[in-house]
Every structure is written in C-alpha cells, then in structure tokens.
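Architecture and fold: a report
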2 protein chains.
Amino acid sequence: MDVKDRKKISQAIIKRLPRYYRYLGELLSQDVERISSNDFSKLMGVTASQVRQDLNNFGGFGQQGYGYNVKNLYEEIGKILGLDRVHNIVVIGAGNFGKALAGYKDFEKRGFKIKAMFDQDPDKIGKSYGGINVYSINELTDYIKANDIEIAALTVPKAAAIQLAGILADAGIKGIWNFAHTDLKVPRQIVVENVHLSESLMRLSYNLVNSGNKMKK
Amino acid sequence: MDVKDRKKISQAIIKRLPRYYRYLGELLSQDVERISSNDFSKLMGVTASQVRQDLNNFGGFGQQGYGYNVKNLYEEIGKILGLDRVHNIVVIGAGNFGKALAGYKDFEKRGFKIKAMFDQDPDKIGKSYGGINVYSINELTDYIKANDIEIAALTVPKAAAIQLAGILADAGIKGIWNFAHTDLKVPRQIVVENVHLSESLMRLSYNLVNSGNKMKK
C-alpha cells in the first residue's frame, strides 16, 4: 500500500494501532495462526465492528469466513507503524527517567535503538547506563548529524526542553519524544509525541473522583 | 456543581482538561487575571469554539464580553480533576522508573503524595530514594490498608503487574497507574490509567514514516 493511500487515517485510529500490534504479537507468541474479528474484538475488549472498521482503513487484511491471518496482520501493522526499519534515538537528560529509558530493552526489539545519552552534569558525562554512554550536551548537534539520529527523547525540565527543541530542530532531528511538561514549539516538519505524566495522573484522579459513587468505602 | 451533572463528559474532553489546567496555571503565574476564549484558544493552538464547547460542559465559566477569569477557571478545573484534595500513592517497583516517579516533586504540588515504594529485591528494601522509603512487597497489602492509599503506580514487568493487580484489588486500591505494557484485568470499580511508552513510541514512528514526504533529507 502506498503512503498516499493512508493520508486520511485519523489520529484516533493511529492511537489504537499499537494496541492491535501488541495483541497480535501476543497471539503470535502463542502460535495462533488466525483469528476471527469477533474473537479478536473480545480479546481486546472492543466491538467487532470497530476492529473491522479500523483495519479496513489499511485495505482490510481479513477474509470472509477465515478471519485474520495473525502473522500477516502483525507484519502489515508493523510496517504501517514504521517498525520494519531501525530508528536511532538519543536520550537527553541522564536522570532517573533517562536511565529508565536507556535500560528498557524492549524498545530495541521493535527497532528503536538508543545510541547515546546527553547531559550537562560533569558527574554524569563519561558514565554509562544500561550500556549507553553519556556525552556532553555540547556534543549533541555533531552527534545527531554524524550518527543518523532520527528521534530525541527529552527527559529534562521544562525550561531546558524549550531551549533544546530549537537546538534539535537546527541539528535536523525528525522526531521529539517529549517528557517535559510543556508543549514544544518546533518547525512543522518535526513530529512531537508528548508523554505528559502529570496529565495522565490528573485523568486518573478525575476518573477516581467521578466514579466515587460506584465504590465501596 | 454536582457529580451527577458531569456524568456525560466524554473521555476526549477529560483528556484535554489537564492541558487547559496547565495553561491556566502558567497564565496565573504570569499574573494574567482574565483571558478571552479567542486568546486562550490561540495560546493553546486549538479553535475558540472547541475551548467554548469544552468548558461549557462544566457549566461554562466565561462571561460574554469579559472572557474567563483565569484564577476561577483554574480552581474550578482543579476541583473537577480532583486536585483539591490529597491522593496518597505507592510506587511498586524501585527500578529507575519508580525512582524517577519518586523524585518528581511536581506531583506533590498537585496533591499527589507518594508515600512509599515497594520492591522484592533485598538490595533495594530499606533504601530511600528522593526521601521515599522502599519496603518489602510482602508489606504492600497492610501498608495500603493502614495508610489510606488510593493509587498504586505499577512500574514492574508485565507478568508481575498482572499478579500485583489482583493483590492490589484485594487490598482495596482505588486506582492503578499502570506503566507495564499490558492491559490489567481488574474489578470494574478500580480505575486504571495506562502509560504505555512503547505505544507512544510507535505513534511517533508512525507519524515520522507518514510525514516523510514533508521532510528534507
């Protein structure tokens, strides 16, 4: 399928695709060869019509009376998500959060390769966490250009993140995985994916407070 | 406003509320007293009609010709999000990720108080990170019951998370902030908020691959 055919996919569907991918990976690891949209939807806790509608957006991989071929669908969704190639990443900020990302080996299995970490703290520069070296933030631009780095994970405080976004844009970064609690202003061609933990916690809090009537005290 | 009046608020709006709250907090720290829905929407990069529609769901805090009173709106949204009271949290898993959460002081400012960490590793039990003590996982149930713990942050591998979800449910936890890459099966009255970093990274990857035509190489 050509990229052009996929232009109108909504971000709502994109948000659901990684979850389909995860469930298909689990089925695959259990040697399940095929699954009906009904069984797949029950497993995922969504309606069968949502499964069919979502997957139809990508040309539809199901066959009437057969269901979905798990391996094919897994691979196709992987391709759609860009997981069929390697994405080089740098982590900026060698605090606990940066170290946690560097130590998380599942990313590499999906083609996300953390190549280096950067920090401004002389005590951290030169150290290595989970096999990933920490370099001086002053070397960031050169490193990005020399090592085909596509994504920068920003695990620094807000003020530093805003400043670094400009430096990353100038260095030619393509995507920013932003953990700082602010919206980054970057040129349009740069993709920003935010992970705002405080906001996630507030949604949890909202749902706690507003489901209070269902709960036993 | 009564809880019952808010029953029909969609999760889509709930997802946006913390962001409104963040921008209002920033305006407040800049001593801005009031703002029109037009100016507010420009600041946030959304349409003015979305701002008005979203906030109308909560009774609408704007006044024609005046705009929004920043402090009032900030406080009202805070209440809606349940930020007007303290939520006690335990972090399960004292790895880098758990330590990062324990060290993040902004949570407490919003009323989210991390009271303790739990781990099964004897080398970690008895230690303290960011002022938070690590206890044995065997003490978890008693601690939750004795300390009015509302939320458990799960920063453990998938298999452990699935097992712990049952223990937490039995201990009477009300919310789980789940960082494990799996969907937890818990009784309906327990609220689960997932932070699936791998899926976030896949969305970033998708958007990178599918905006490729906009990029210069």
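Up top is the structure these notes are about.
A few points on the structure.

Definitions and limits used
- Residues numbered from 1 in each chain as written.
- Chains lettered and ligands numbered in written order.
- Predicted model: local features only at pLDDT ≥ 70, side-chain atom pairs only at ≥ 80, totals over all residues.
- Heavy atoms only, no water.
- Contact = heavy atoms within 4.5 Å.
- Buried area = accessible area lost by both parts, 1.4 Å probe.
- Salt bridge = Lys/Arg side-chain N within 4 Å of Asp/Glu carboxyl O.
- Polar contact = N/O pair within 3.5 Å; in protein donor to acceptor, adjacent residues only side chain to side chain.
- Helix = DSSP H or I, 4+ residues; strand = E, 2+ residues; numbered from the N terminus.
- Nonpolar A, V, L, I, M, F, W, Y, C, P; charged D, E, K, R; others polar.
- Axes fitted to C-alpha atoms, helices over the stretch in contact; angles between N-to-C directions.
- Parallel < 35°, antiparallel > 145°, perpendicular 65-115°, else oblique.
- Left-handed = near helix turned anticlockwise from the far one by under 90°.
- Phe/Tyr/Trp six-rings, centres within 6.5 Å; stacked < 30°, edge-to-face > 60°.
- Buried < 20%, exposed > 50% of the residue type's maximum accessible area, 1.4 Å probe, protein only.
- Pairing = 2+ DSSP bridges.
- Right-handed = clockwise from strand over helix to strand, strands pointing away.
- Least-squares fit on C-alpha atoms with pLDDT ≥ 70 in both.

Things to note about the interface of chain B and chain A
Taken together, the contact pairs 66 residues of chain B with 67 residues of chain A. Interface of chain B and chain A: buried area, both sides summed, is about 6300 Å²; carbon and sulfur atoms make up 59% of it. Its largest share of buried area at the contact with chain A, chain B owes to B:L201, B:M202 and B:Y206, together 11% of the area lost on that side. Taken together, chain B and chain A are joined by 10 salt bridges. For B:D183, the salt bridge identified is with A:R19, shortest N-O distance 2.9 Å. Counting the contacts that link chain B with chain A gives 26 residue pairs in polar contact (both at pLDDT 80 or more). Among the secondary structure elements, those contributing two or more residues to the side of chain B that touches chain A are α1 (11-29), β4 (87-92), α5 (96-103), β9 (175-178), β10 (191-194) and α9 (197-209) of chain B. The element contributing the most residues to the side of chain B that touches chain A is α9(B), with 13 residues. The residue inventory of the side of chain B that touches chain A, partitioned by class, reads 30 nonpolar, 16 polar and 20 charged.

Remarks on the packing of helix α5 (residues 96-103) of chain A against α5(B)
Their axes nearest at 8 Å, the elements α5(A) and α5(B) cross at an angle of 160°. In terms of orientation, α5(A) and α5(B) fall into the roughly antiparallel class. The interaxial crossing formed by α5(A) with α5(B) has left-handed handedness. Seen from α5(A), the contacting residues are A:N96, A:F97, A:K99 and A:A100; seen from α5(B), they are B:N96, B:F97, B:K99 and B:A100. When the residues that make up the contact of α5(A) with α5(B) are grouped by side-chain class, the tally is 4 nonpolar, 2 polar and 2 charged.

A look at the packing of aromatic side chains
Using the criterion set out here, one finds 19 aromatic pairs over all chains in the structure. When the ring of A:F107 is compared with that of A:W177, the centres are 5.7 Å apart and the planes differ by 75°; the resulting orientation is edge-to-face. In this pair, A:F107 sits in helix α6 (residues 106-109) while A:W177 sits in strand β9 (residues 175-178), placing the two residues 70 residues apart along the sequence. Classification of A:F107 as buried rests on a relative accessible area of 2%. Three or more aromatic residues joined by ring pairs make a cluster, and in this case those are A:F97, A:Y104, A:F107, A:W177, A:F179, B:F97, B:Y104, B:F107, B:W177 and B:F179.

Section: the side chain of A:N88
Residue and element names in this part refer to chain A. You can see N88 is positioned in strand β4 (residues 87-92). A relative accessible area of 12% means that N88 is categorised as buried. For N88, the side chain forms a polar contact with the main-chain oxygen of N147, separated by 3.5 Å.

What to know about unusual backbone geometry
Residue and element names in this part refer to chain A. Its identity as a non-glycine residue notwithstanding, D148 has a phi of 55°, on the positive side. One can find D148 in the loop between α7 (140-146) and β8 (151-154). Of the residues examined, D148 reaches a relative accessible area of 53% and is grouped as exposed.

Observations regarding the pairing of β9(A)
All names here are of chain A. Side chains G175 and W177 project from β9 onto one buried face, and the interleaved I176 and N178 project onto a second face that is buried too. Bridge count between β8 and β9: 4 bridges; the pairing is parallel. Its bridge partner lying in β9, L154 is registered against N178. Crossover connection from β8 via helix α8 (residues 158-171) to parallel β9: handedness right-handed. As defined by bridge partners, β9 adjoins strand β10 (residues 191-194) across 4 bridges and the pair is classed as parallel.

What to know about the sheet that holds β4(A)
Sheet architecture is open: 7 strands sit in the order β6-β7-β5-β4-β8-β9-β10 (chain A), paired in mixed fashion. Looking at which strands have only one partner, the edges of the open sheet turn out to be β6 (128-129) and β10 of chain A. Contacts from α8(A) reach β4, β8 and β9 of chain A, with the element oriented near 170° to β8(A). Of the strands in this sheet, β4, β5 (112-119), β8, β9 and β10 of chain A touch α9(B), which is tilted by about 160° from β9(A).

As for the relation of the copies chain B and chain A
Superposing chain B onto chain A takes a rotation of 180° combined with a translation of 0.0 Å along the rotation axis, leaving an RMSD of 0.0 Å. A rotation of that kind, with that shift, is consistent with a two-fold axis. Closest to the rotation axis within chain B is the C-alpha of B:N96, separated from it by 2.6 Å.

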